[in-house]
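A structural walkthrough
Here is how the chains run, residue by residue.
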Amino acid sequence: MGSTGGRSGGRSVGTRDRDGEGRARNARPRDGLGRPLPYGAAGVERQPEGVVRTPEESVAEAQALLDAGKPFHAHEVFEDAWKSGPEAERTLWRGLAQLAVGLTHVARGNVTGGPRLLRRGAGAVEEWAAGGGQGRPYGMDLAGLADWARELAHDVERTGAAVDARASAPRLR
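What this report covers is the structure whose coordinates are included nearby. (Residues numbered from 1 in each chain as written. Predicted model: local features only at pLDDT ≥ 70, side-chain atom pairs only at ≥ 80, totals over all residues. Heavy atoms only, no water.)

**Observations concerning the packing of helix α4 (residues 113–132) against helix α5 (residues 142–159)**
At a closest axis distance of 9 Å, the pairing of α4 and α5 adopts a crossing angle of 165°. As far as their axial angle goes, α5 and α4 are roughly antiparallel. In this structure, the crossing between α4 and α5 has a hand that is left-handed. Seen from α4, the contacting residues are Pro115, Leu118, Arg119, Ala122, Gly123, Val125, Glu126, Trp128 and Ala129; seen from α5, they are Leu142, Ala146, Trp148, Ala149, Arg150, Leu152, Ala153, His154, Val156 and Glu157. (Axes fitted to C-alpha atoms, helices over the stretch in contact; angles between N-to-C directions. Helix = DSSP H or I, 4+ residues; strand = E, 2+ residues; numbered from the N terminus. Parallel < 35°, antiparallel > 145°, perpendicular 65-115°, else oblique. Left-handed = near helix turned anticlockwise from the far one by under 90°. Contact = heavy atoms within 4.5 Å.)

Structure follows, in structure tokens:
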């Protein structure tokens, strides 16, 4: 049998990076907005995945990451909460993850997809609040977050410009 072919960036074509448990996971370093950098470049430490936190810990960790201008990393915290939390809260955490990844995209300059994600996340957190009757779960202001997301989406579409993730980050509580 033949080989996998040529080489690209010092890595065999057809091979995949794997994490310690053998799952496919890109080992390229990432910048603060989660964009891949070349192998060997200095990047931002990744957010650990699969961490089970209390909801309060998730909110606090995500807020710290948003305040640091790392919405991609905050999205991973919300994703962990969505995957490990109770079924009744999945729409809430998924909506929060969409808000964080929407901010990631508008900070990267994606002036079409970013606003869509912000609006989708706003709708999800509002839907969850309306269905569960909770407008302030774990101290979060869901109506305020939905307003923030829609306003940011509108501003990005109006200006056609990327935003500074740190300066544009919402207050969750």
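**Some thoughts on the environment of proline 29**
If you trace the backbone, proline 29 turns up in the loop between β2 (11–12) and α1 (55–67). The buried category is assigned to proline 29, whose relative accessible area is 16%. The sequence separation of proline 29 and arginine 46 amounts to 17 residues, and the corresponding C-alpha distance is 8.2 Å. Filtering out sequence-adjacent residues up to four positions away, proline 29 remains in contact with Arg35, Pro36, Leu37, Pro38, Tyr39, Gly40, Ala41 and Gly43. (Buried < 20%, exposed > 50% of the residue type's maximum accessible area, 1.4 Å probe, protein only.)

**Remarks on the packing of aromatic side chains**
Each aromatic ring pair is characterised by the separation of its centres together with the angle its planes make. Inspection of the entire model under this criterion finds 2 aromatic pairs. Residues tryptophan 93 and tyrosine 138 carry aromatic rings whose centres are separated by 6.0 Å and whose planes lie at 25° to one another, so their mutual orientation is stacked. Of this pair, tryptophan 93 sits in helix α3 (residues 90–108) while tyrosine 138 sits in the loop between α4 and α5, and the two are 45 residues apart along the sequence. In textbook terms, an aromatic cluster arises when at least three aromatic residues are bridged by ring pairs, as seen for Phe78, Trp93 and Tyr138. (Phe/Tyr/Trp six-rings, centres within 6.5 Å; stacked < 30°, edge-to-face > 60°.)

**Thoughts on α5**
For α5, spanning 18 residues, the distance from its first C-alpha to its last is 26 Å, which sits close to the expected 26 Å at 1.5 Å a residue. Of all the residues in α5, the buried ones are Leu142, Leu145, Ala146, Trp148, Ala149, Leu152, Ala153 and Val156. Each buried residue of α5 lies within a common arc of 160° when the element is viewed along its axis, so the set occupies one face. Summarising the geometry of α5, the exposed residues directed more than 90 degrees from the buried face are Asp147, Glu151 and Arg158. Looking at the buried residues of α5, the elements they touch are α3, α4 and α6 (165–168). Within two residues after α5, glycine 160 carries a phi angle of roughly 70°, on the positive side. (Expected span 1.5 Å × (residues − 1). Arc of directions from axis to C-beta.)

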